[in-house]
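A closer look at the structure
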Amino acid sequence: MGSGAKRFTLLAIIFVFALFVAGLMTGAIGAVFYQSDEDKEAGLTAEGPFIPKPEVHLPAQTVFPKSEREYYLEFLEAEEKERELGEEALSDHERALVDDGPFRGNFTILITNTLLSSWLASLLLILLFVLGARKAKLVPGRLQTFVELAIEGLLKFVEGVVGRQRARMLFPVIATIFLFVMFNAWIGLLPIYPAIGFMTGDHIQIHLLRPAGTDMNMPLALALVSFVFVEYLGFRMLGIGYLTKFVRIGSLKRGVADLVRLRFLGAFQNLLDFFFVGPLEAFSELVRLISFTFRLFGNMTAGEILVLVSAFLVPFIATIGVYGLELLVGFIQALIFAGLTLVFAAIAMIPHDAEAH
Amino acid sequence: MLETLGIHFPSLIIYLVNFVLLLGLLYLFAYKPILRIMDERADRIRDSLAAADQARAEAASSHEAIEEQLNEARREGQRLLDQAREAARRFRDEEMDRARQEAETFVSRARSDIQRERDAAIEEVRANFGDLAITAAERVLRRTLDRQAHQDLIAQVLEEGESLSRG
């Protein structure tokens, strides 16, 4: 190591240390030390001078149209009032707001900040991939090589589970799920996300953009896609016979036959298979919907909260590690969502009569 | 309860439509062309590898053929050389034989010529010698013998002379 490199390392360490000190001083942890006694006694959270205490609302915020955004703001105020002063303090109007929930009516189309973010992610994906694949040549350029790398990696992933023949059939959906989830997670790490929004007073009340995974609708939509895809493949591969996985007619017949011949153990096993295992299988298909939804939603929301809290506690420095972690989480969640869909699809395509007896 | 979690039916539908659109766009404009080009490339590489193998095999076999031809040519050359050497030897032998024969004919002809010359010489000598002897005898004897007696005497002398010369 030359003396130049040594000096550089030293400077970097000093720089990081300075950031750390600045972070401590401006963050919530530092603020505890100069918080006034009154505030302490009032039980208020210490806040740094730049970053206010983060507020996380589970529902996505409505951004457009404007009337809906204002309605949402009213709702937020009413909700906060209820939290602070109790339900009795609310006026009738405010109570109606709280009862109606964040979205007025169930059939108005709202452009939420998560939806905007998902559009941004989709646009980026399409730009990247369509530009990379445009005029695809045998001798690829840089962008094409990158796109090919991604597509080939995903194809190998699919091939590894369902084999070469069926891989081409499953690949588009699996790859799109993977890319969509990952891009949506990663795009949320852009620093513009917490920085742009609609101000009320001195802080941003509604952000223009928010990672789409933190909106329950996005994981739920993906889970529905995954569910429909799996069931469709089951029916396509096995025909109407796919239903015998849930309604185990063979077991019922065998059970009744056993019962007639007074073989009670066999009858018990087969009837149990019909009345219990079949419905359990059907139930597990539905439960996947929920587990898919909440796994992705939980991970993305936790990531968002972690970023916000780390930036609140020790700005500048704590977020760095969290960002690294979030990159990994985004990739892993995408892999899990796509991988589970793939595995469920592979299971659905296997005839199950063979495994019965 | 669902709204508290943020579930909103129209948003859900929009997300679904978005995803399907994204899937369609990516499939049509990214996956399909890229997979096609990747397959094409794989085919191309497979073909070129096969062609290279074939070319290598062909090169090897043609190398063998050339080697074979070379060997053949070498053998042919050797054979021609041997033939030429053989022919030369035969020619030399023939020439030598002929020369020897010629020499022999020459010598024998020369010998017979010599013989003939000698015979002629002897004949002449003999003829002359008879006359000479008669003359000599006439001179010695100074007498005349009858011719028949002379001739007999001469023949006798010649006979003796001849046996002398032969002996």
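Residues numbered from 1 in each chain as written. Chains lettered and ligands numbered in written order. Predicted model: local features only at pLDDT ≥ 70, side-chain atom pairs only at ≥ 80, totals over all residues. Heavy atoms only, no water.

1. A look at the overall build of chain A
Stated formally: Secondary structure elements are taken from DSSP: a helix is a run of H or I of four residues or more, a strand is a run of E of two residues or more, and numbering for both begins at the N terminus. Think of it in three bands: residues with accessible area under 20% of the maximum for their type are buried, residues over 50% are exposed, and the middle band is partly exposed, with areas taken using a 1.4 Å probe on protein chains only. The contact criterion used is simple: two residues touch if any of their non-hydrogen atoms lie within 4.5 Å. Working definition of accessibility: Shrake-Rupley area with a 1.4 Å probe, residue cover restricted to the visible protein chains. Note on charges: Lys and Arg go in the positive column, Asp and Glu in the negative column, and His and the chain ends are not counted at all. For charged residues, the charge sits on one atom: NZ in Lys, CZ in Arg, CG in Asp, CD in Glu.
When you go through chain A residue by residue, the secondary structure sums to 13 helices and four strands. Principal axes of the C-alpha set define a box for chain A whose edges measure 85 × 70 × 40 Å. Among the 357 residues that make up chain A, the fraction classed as buried is 42%. The long-range fraction of contacts in chain A, counting pairs at least 24 apart against all pairs at least 6 apart in sequence, stands at 68%. As displayed, chain A has an accessible area near 19,200 Å², and 70% of this comes from carbon and sulfur atoms. Here chain A carries 28 positive and 34 negative side-chain charges, and the mean point of each set is 18 Å from the other.

2. What about a nonpolar patch on the surface?
Residue and element names in this part refer to chain A. Rules: The patches reported here contain residues having more than 30% relative accessible area and no salt bridge. Joining distances are 9 Å for like charges and 5 Å for nonpolar side chains (Val, Leu, Ile, Met, Phe, Trp, Tyr). By definition here, a salt bridge exists when the distance from a side-chain nitrogen of Lys or Arg to a carboxyl oxygen of Asp or Glu is within 4 Å.
Residues Ile29, Val32, Phe33, Val56, Ile305, Val309 and Leu313 make up a contiguous nonpolar surface patch of about 550 Å² in total accessible area. Among the elements that take part in the nonpolar patch, helix 11 (residues 264-313) stands out by supplying three residues, more than any other. Mapped onto the secondary structure, Ile29 falls in helix 2 (residues 28-31). Owing to a relative accessible area of 35%, Ile29 belongs among the partly exposed residues under this scheme.

3. Quick look at the pairing of strand 4 (residues 203-207) of chain A
All names here are of chain A. The criterion, for reference: The pairing criterion for strands is at least two bridges between them, as found by DSSP.
Inspection of the sheet shows strand 3 (residues 197-200) paired to strand 4 by four bridges, in the antiparallel sense. Across the sheet, residue Phe198 finds its bridge partner in strand 4, namely Ile206. Two successive antiparallel strands, strand 3 and strand 4, enclose a turn made up of two residues, where Gly201 displays a positive phi of approximately 70°.

4. What to know about the interface of chain A and chain B
To keep it simple, the criterion reads: The term buried area means the drop in 1.4 Å probe accessible area that two parts suffer when joined, counted for both and summed. In protein, a polar contact means a hydrogen-donor-capable atom and an acceptor-capable atom, both N or O and within 3.5 Å, with residues adjacent in sequence counting only if both atoms are side-chain atoms; elsewhere, any N or O pair within 3.5 Å suffices. Charged means Asp, Glu, Lys or Arg here, nonpolar means Ala, Val, Leu, Ile, Met, Phe, Trp, Tyr, Cys or Pro, and polar covers whatever is left, Gly included.
Every contact between the two is made by 53 residues of chain A and, on the other side, 32 residues of chain B. Both faces considered, chain A and chain B share a buried interface measuring about 3,800 Å² in area, 74% of it formed by carbon and sulfur atoms. Of all residues in chain A, the largest losses of buried area upon contact with chain B belong to Leu138, Thr176 and Asn217 of chain A, amounting jointly to 17% of the total for that side. Where chain A touches chain B, the interface holds two salt bridges. Of the charged contacts in the structure, one is a salt bridge between Glu148 of chain A and Arg41 of chain B, with a shortest N-O distance of 2.8 Å. The tally of links between chain A and chain B comes to eight residue pairs in polar contact (both at pLDDT 80 or more). Listing elements by their share of the side of chain A that touches chain B, those giving two or more residues are helix 6 (113-133), helix 7 (142-187) and helix 9 (217-238) of chain A. The greatest single-element share of the side of chain A that touches chain B, amounting to 15 residues, is contributed by helix 7 of chain A. Each residue belonging to the side of chain A that touches chain B can be placed in one class, and the counts come to 36 nonpolar, eleven polar and six charged.

5. Describing the packing of helix 6 of chain A against helix 7 of chain A
Residues and elements named next belong to chain A. To be explicit about the condition: A fitted line through C-alpha atoms serves as each axis, taken over the contacting stretch for helices, and the angle formed by two N-to-C directions is quoted from 0 to 180°. Here is the rule for angles: anything less than 35 degrees is roughly parallel, anything more than 145 is roughly antiparallel, 65 through 115 is roughly perpendicular, and the remaining ranges are oblique. Note on convention: the crossing is left-handed when the near helix lies turned anticlockwise from the far helix by less than a right angle, right-handed when the turn is clockwise.
Running from N to C, helix 6 and helix 7 cross one another at 120°; their axes reach a closest spacing of 7 Å. Relative to helix 7, helix 6 is oriented oblique. Here the hand of the crossing between helix 6 and helix 7 comes out right-handed. Across the interface between the two elements, Ser117, Ser118, Leu120, Ala121, Ser122, Leu124, Leu125, Leu128, Phe129, Leu131 and Gly132 from helix 6 touch Leu143, Gln144, Phe146, Val147, Ala150, Ile151, Leu179, Phe180, Phe183, Asn184 and Ile187 from helix 7. Class assignment for the residues of the contact of helix 6 with helix 7 results in 16 nonpolar, six polar and no charged.

6. Let's talk about the packing of aromatic side chains
All names here are of chain A. The test is simple: Within 6.5 Å between ring centres, the rings of Phe, Tyr and Trp (the latter by its six-membered ring) count as paired, and their orientation is classed by plane angle as stacked under 30 degrees, edge-to-face over 60, tilted in between.
Under the counting rule described, the total for this entry stands at nine aromatic pairs over all chains. Residues Phe178 and Phe331 carry aromatic rings whose centres are separated by 5.9 Å and whose planes lie at 90° to one another, so their mutual orientation is edge-to-face. You can see Phe178 sitting in helix 7 and its partner Phe331 sitting in helix 12 (residues 318-348), a full 153 residues away along the chain. For Phe178, a relative accessible area of 7% puts it in the buried group.

7. So, the pattern of salt bridges
Two side chains of opposite charge can pair, provided their charged atoms sit close to one another. All names here are of chain B. Taken as a whole and judged by the stated rule, the model has 24 salt bridges over all chains. As a salt-bridge pair, Asp43 and Arg46 come within 3.1 Å of each other at their nearest N and O atoms. Of this pair, Asp43 and Arg46 both sit in helix 2 (residues 9-141), separated by three residues, roughly a single helical turn. Overall, Arg46 belongs to the exposed group, its relative accessible area being 52%. Here Asp82 and Arg85 are joined by a salt bridge, their closest N and O atoms 3.8 Å apart. With a gap of three residues between them, Asp82 and Arg85 both fall in helix 2, about one helical turn apart. When its relative accessible area of 52% is taken as the criterion, Arg85 is described as exposed. Salt bridges sharing partners connect three or more residues here, namely Glu86, Arg89, Arg90, Arg92 and Asp93.

8. Quick notes on the nonpolar core
To keep it simple, the criterion reads: Among buried residues, those of type Ala, Val, Leu, Ile, Met, Phe, Trp, Tyr and Cys that are joined through side-chain atoms within 4.5 Å constitute a nonpolar core.
Core analysis: the largest hydrophobic core is formed by 78 residues, its most contacted members being Leu170 and Phe171 of chain A. Listing elements by their share of this core, those giving two or more residues are helix 4 (66-85), helix 6, helix 7, helix 9, helix 11 and helix 12 of chain A together with helix 2 of chain B. No other element matches the 21 residues that helix 7 of chain A contributes to this core. Apart from residues lying up to four places away in sequence, Leu170 of chain A is in contact with Val158, Val162, Phe229, Leu233, Leu342, Ala345 and Met349 of chain A.

9. Considering unusual backbone geometry
The phi dihedral of Leu262 of chain A is positive, around 65°, even though this residue is not glycine. Structurally, the position occupied by Leu262 of chain A is in the loop between helix 10 (249-260) and helix 11.

10. So, the domain arrangement of chain A
Residues and elements named next belong to chain A. In plain terms, the rule: As annotated, the domain borders come from an automatic or database domain assignment.
Parsing chain A into structural domains produces domain 1 (1-50) and domain 2 (115-356). Relative placement of domain 1 and domain 2: their C-alpha centres are 40 Å apart. Each side of the interface is counted separately: domain 1 has 13 residues, and domain 2 has six residues. Summing both partners gives a buried area of about 740 Å² for domain 1 against domain 2, and 85% of it is carried by carbon and sulfur.

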